[in-house]
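Reading the structure
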Amino acid sequence: MPELPEVETIRRDLSPEVEGRQIRATRVHRSDILMNLAGPEAFRQELVGRRIRSLDRRAKYLVFRLDDGRVLQVQLRMTGRFALGRSRPDPGEFGHLAAELDLDDGRTLWYDDMRRLGGFRLLAAPDWERESDRLGPEPLSEGYRPASLAGVLEGRRAPVKNLLLDQELVAGVGNIYASEALHEAGLDPRRAGGELEPAEVERLHGSLRRILREALDHAGTTFRDYRAVNGRSGRFQERLRVYARDGRPCRGCGEEVRRIVQAGRSTYFCPACQT
DNA sequence: CTTGTACCCTGACCGC
DNA sequence: TGCGGTCAGGGTACAA
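In this text, all values refer to a predicted model and were calculated from it rather than measured experimentally. (Residues numbered from 1 in each chain as written. Chains lettered and ligands numbered in written order. Predicted model: local features only at pLDDT ≥ 70, side-chain atom pairs only at ≥ 80, totals over all residues. Heavy atoms only, no water.)

Attention now moves to the side chain of arginine 245. Within the secondary structure, arginine 245 sits in the loop between α7 (198-217) and β9 (258-262). Of note is the side chain of arginine 245, whose polar atom sits 3.1 Å from the backbone oxygen of arginine 241. When near neighbours in sequence (up to four residues on either side) are disregarded, arginine 245 contacts Leu240, Arg251, Val257 and Tyr268. (Helix = DSSP H or I, 4+ residues; strand = E, 2+ residues; numbered from the N terminus. Polar contact = N/O pair within 3.5 Å; in protein donor to acceptor, adjacent residues only side chain to side chain. Contact = heavy atoms within 4.5 Å.)

Shown next, in the form of structure tokens:
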């Protein structure tokens, strides 16, 4: 569900609330969200008594750093959500409760996941570091440069849209912001990554950063299922340029926005301004 | 290596 | 009202 701006919004909502808190109890209702743990009892044994040192984000992962050095990694995938509070969230909003973590301030961290594609993984620090090293650079980081994007596009014949979704090339970009950034940069999503001119790569790099930053400033895009903590909606959906706007006029030139399928996923673009 | 496809799962929506 | 097909902010395993 969520891409970098959405996951980062959740991290900002949660981190001041959970940092320093101790996990007092856990309840797992749907075991398939335990991605590398045997079952609810194993989850409980590993986590009860642990304190949360910090909450970080890397790509689309939330990373709870624990006081024993290990890492609880959460992947929200399409429909994972969090709520935090003293009483169970409204079942209308949270109808697929998958896990609960009681904290030492009397509140509970509730994890809901309708499709159960997301989940929790408990990793030793070196294992997480190794995984993190495989991921591409954070596009909003200070040091992210056009040369980094140029380097991973070079020689690639796959469509640039597909390459933007590859987490090993650049971290945190998903289906919405890939289309949005390519539109802002005026680039046809079907072009081979390796065929972009240096000036075009530079434009794409700038657009990617601007779009992600703007989406983050608007607390993400609530198009369908995504909610920040406790049901809070994003506001970037009002500013979408092409995503899910097929058949409607391009905000730039008035031409009809088109939808195509690339690597099995929808891409939206304006055939007039993206070349 | 690179690229495409099936799959995990539930629910909303559309045409018949 | 029901039914089948399609689609959904993701990622992985496997085949070609």
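Structure's up, so let's keep going.
Here we have four strands laid out as an open sheet, ordered β2-β3-β4-β8, and antiparallel in their pairing. The open sheet has two edge strands, β2 (52-58) and β8 (119-123), and neither has a second partner. Direction aside, the axes of adjacent strands within the sheet are offset by 20° on average. Each of β2 and β3 (61-66) touches helix α1 (residues 4-18); the most contacted strand, β2, lies at about 170° to it. (Pairing = 2+ DSSP bridges. Axes fitted to C-alpha atoms, helices over the stretch in contact; angles between N-to-C directions.)

A separate point is α1. Taking 1.5 Å as the rise per residue, α1 with 15 residues should run 21 Å; its terminal C-alpha atoms sit 20 Å apart, in good agreement. The largest bend in α1 is about 25°, located at arginine 12, with the proline proline 16 one to four residues further on. Along α1, eleven of the 15 residues are buried, which leaves the element largely enclosed by surrounding structure. Of all the residues in α1, the buried ones are Leu4, Pro5, Glu6, Val7, Glu8, Thr9, Ile10, Arg11, Leu14, Ser15 and Val18. Positive phi appears at glycine 20, one or two residues downstream of α1, with a value of about 90°. (Expected span 1.5 Å × (residues − 1). Bend = angle between axes of the 7 residues up to and from the residue. Buried < 20%, exposed > 50% of the residue type's maximum accessible area, 1.4 Å probe, protein only.)

Around DNA strand B, the neighbouring residues are His96, Met114, Arg115, Arg116, Leu117, Arg156, Arg157, Ala158, Asn162 and Arg224. When atoms of DNA strand B within 4 Å of the protein are split into backbone and base, the sugar-phosphate part holds 70%. In this structure, a phosphate oxygen belonging to DNA strand B sits 3.1 Å away from a side-chain N or O atom of arginine 156. Alanine 158 has a polar backbone atom sitting 2.8 Å from a phosphate oxygen of DNA strand B. (Near = heavy atom within 4 Å.)

The next thing to look at is empty space enclosed by the protein. Overall, the coordinates contain one cavity of 30 Å³ or more when judged by the stated rule. If you add up the space inside the largest cavity, you get close to 40 Å³. Lining the largest cavity are Ile52, Phe64, Leu72, Phe82, Leu101, Leu103, Leu109 and Phe120. Residue classes in the lining of the largest cavity are distributed as eight nonpolar, no polar and no charged. (1 Å grid on protein atoms, 1.4 Å probe; cavity = no way out; pocket = protein on both sides within 12 Å on 5 of 7 lines; lining within 4 Å. Points joined across faces, edges and corners; volume = space filled by probe spheres on them. Nonpolar A, V, L, I, M, F, W, Y, C, P; charged D, E, K, R; others polar.)

Just distances and angles here, no functional claims.
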